[in-house]
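Results of the structural survey
Residue strings, one per chain:
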Amino acid sequence: MKKIIFSTLILICFVFTAKAQWVAQNSGTTNKLYSVHFIDANNGWAVGVYGAIVHTSNGGTTWSSQNSGVTVTLYSVRFVSSTEGWAAGQNQIILHTTNGGTSWVATTGTLALNYYAVFFISQTIGWVGGHNGVLQHTIDGGATWTNQSSGVGVGDDIDAIFFTDNNHGWTVTFNGGVMYTSDGGQTWHSGWCGFSCPNMAVFFIDSLNGWSAGKGCFYSNDGGQNYWQMIAGGGKNVWMYGIQFINTSVGYCVGDSGVVTKSVDGGMTWALQNSGTIQRLESIFIYDSNHAWIVGANGTILKNSSAIGGVKENNESIQVSLYPNPSNGKFTLSSEITKGEITIYSLQGEKIYSSQINSSKTNIDLSKQPDGIYFLQLKTEQGIANKKLIINK
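Below you will find a few notes about this structure. What you are looking at is a predicted structure, and each value in this text was computed from that prediction instead of being measured.

**Considerations on the overall build of the chain**
Counting secondary structure elements, the chain contains zero helices and 35 strands. Of all 393 residues assigned to the chain, the portion counted as buried reaches 58%. For the chain, the share of sequence-separated contacts (at least 6 apart) that also reach a separation of at least 24 residues comes to 47%. As displayed, the chain offers around 16200 Å² of accessible surface, 49% of which is attributable to carbon and sulfur atoms.

Structure follows, in structure tokens:
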């Protein structure tokens, strides 16, 4: 039996009231946009209600409408190159383009079910999923589709699909399910998070570290197999619909009422950002540490190009070592930095230790703490460094 470990994390939120970090772009539509995807820093697409598709070739400076040929809602879009991409939506609609969206070709399923997610890992290999747990797979770019047994039952919906390679993938469902595969979807296994919390989005940075968001946020460090930890969603009790991380430390989550939150410590703490809008935000896509876009209600498109990776907030160039690790609770922190502040959190988000450093080596005594995983944050003038500690007595 799988052992699912979870805990509620107390988030520390800082509200920024300075100049907006996210800048509104003119999408040219008032239709709600559900999904956005960029193939590079310039070429991107967003899809939404009434078959809306908008495209930019200059990073969002201008957006233009594309003719989808359909009037149903499109919930998800994914491209693998500047020319080839897919969109999926109501009534089992799958759209495919090979010319960057100049023209779209539609295929329609026979069950009249809604597809809420489409994901392609290459020009040939992809998946679509949606209502009643329907999940289909293609190995020929969508020319043919075969059913996969998703493990999601009737009455539940697959809201998002994510793969890191041809084999490792995840789906999340409205009823709180998390499914994972390590064989390209031939078999799916439950990574049930232990809560009946709807999940709307999932993202993995590699085959081990990933996050999901919905009515609550979750984190896994074992590929979603046996470990899911609950973390409160972005510092406000709202629905969150999109989540993406740049690395194992820096990530963003978006949701209702224009909420945009940022974490620089893998989700341990979140900072509420100034989005400049109160519109519901549905999706976020981060191309690199300098280019990110968010889409949502009323044709909202936001862009951030101001070093979103947070060099100062999570400076991986800071040389920090922690030893022995694992240990019996006594650690030595060694760093080239001789001035800063150490804070250590438990998995539950409780601050259990804090101190100032004034030399290159600092002894840390956590011997009174129980065995488990802890997170150390070192704040310096050069930025923030994060480390994971393990106590094993």
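**Quick notes on the sheet that holds strand S2 (residues 33-38)**
Neighbouring strands of a sheet are bound in pairs by backbone hydrogen bonds; such pairs are parallel or else antiparallel. The strand order S2-S3-S4-S5 describes an open sheet built from four strands, whose pairing is antiparallel. Taken across any chain shown, the strands that pair with only one partner, and hence form the sheet edges, are S2 and strand S5 (64-66). Here the strands of the sheet are splayed against their neighbours by 25 degrees on average, with no regard to which way each runs. As judged from the three bridges shared by strand S4 (residues 53-56) and S5, these two strands associate in the antiparallel manner. Following the sheet pairing, Val54 is matched in S5 by Ser65.

**Some words on unusual backbone geometry**
Excluding glycine, most residues fall at negative phi; most peptide bonds, likewise, are trans. With an omega of -15 degrees, the peptide bond between Tyr323 and Pro324 qualifies as cis. Inspection of the secondary structure puts Pro324 in the loop between strand S29 (320-323) and strand S30 (330-335). In this model, Tyr50 sits at a positive phi of 55 degrees, which is unusual for a non-glycine residue. Mapped onto the elements of the fold, Tyr50 is located in the loop between strand S3 (44-48) and S4. Residues other than glycine seldom take positive phi values, yet Asn91 does so here, at roughly 55 degrees. Relative to the helices and strands, Asn91 is located in the loop between strand S7 (85-89) and strand S8 (93-97).

**Let's talk about the layout of surface pockets**
If you roll a probe as big as a water molecule over the atoms, it shows you where there is empty space left. Computed from the structure, the largest pocket encloses a volume of approximately 890 Å³. Along the wall of the largest pocket there are 37 residues; nearest its centre are Ser35, Ala160, Ala201, Val202 and Ser283. Every element with two or more residues in the lining of the largest pocket is listed here: S2, strand S6 (74-79), strand S10 (115-120), strand S14 (158-163), strand S18 (199-204), strand S22 (240-245) and strand S26 (281-288). If one sorts the elements of the lining of the largest pocket by residue count, S26 sits on top with seven residues. A breakdown of the residues in the lining of the largest pocket according to their chemical character gives 25 nonpolar, six polar and six charged.

**A look at the environment of Ala385**
Tracing the backbone through its elements, the reader meets Ala385 in strand S35 (residues 383-391). Taking the relative accessible area as the measure of exposure, Ala385 reaches 7% and is therefore buried. Taking the C-alpha atoms as reference points, Ala385 and Asp265, separated by 120 residues in sequence, lie 8.6 Å from one another. Filtering out sequence-adjacent residues up to four positions away, Ala385 remains in contact with Ile318, Val320, Leu376, Gln377 and Leu378.

**Some thoughts on the pairing of S26**
The buried fraction of S26 is high, at six of eight residues. Relative to strand S27 (residues 291-296), S26 is paired through six bridges, and the arrangement is antiparallel. Residue pairing in the sheet places Leu281 in a bridge with Gly296 of S27. Two successive antiparallel strands, S26 and S27, enclose a turn made up of two residues.

**Details of the environment of Val118**
Along the chain, Val118 turns up in strand S10. Judged by its relative accessible area of 4%, Val118 falls in the buried class. Taking the C-alpha atoms as reference, Val118 lies 6.7 Å from Ala87; in sequence the two are 31 residues apart. If sequence neighbours within four positions are ignored, Val118 has contacts with Ser76, Val77, Arg78, Trp86, Ala87, Ala88, Trp127 and Val128.

Calculation notes
Residues numbered from 1 in each chain as written. Predicted model: local features only at pLDDT ≥ 70, side-chain atom pairs only at ≥ 80, totals over all residues. Heavy atoms only, no water. Helix = DSSP H or I, 4+ residues; strand = E, 2+ residues; numbered from the N terminus. Buried < 20%, exposed > 50% of the residue type's maximum accessible area, 1.4 Å probe, protein only. Contact = heavy atoms within 4.5 Å. Areas by Shrake-Rupley, 256 points an atom, 1.4 Å probe, with all protein chains shown as cover. Pairing = 2+ DSSP bridges. Axes fitted to C-alpha atoms, helices over the stretch in contact; angles between N-to-C directions. 1 Å grid on protein atoms, 1.4 Å probe; cavity = no way out; pocket = protein on both sides within 12 Å on 5 of 7 lines; lining within 4 Å. Points joined across faces, edges and corners; volume = space filled by probe spheres on them. Nonpolar A, V, L, I, M, F, W, Y, C, P; charged D, E, K, R; others polar.

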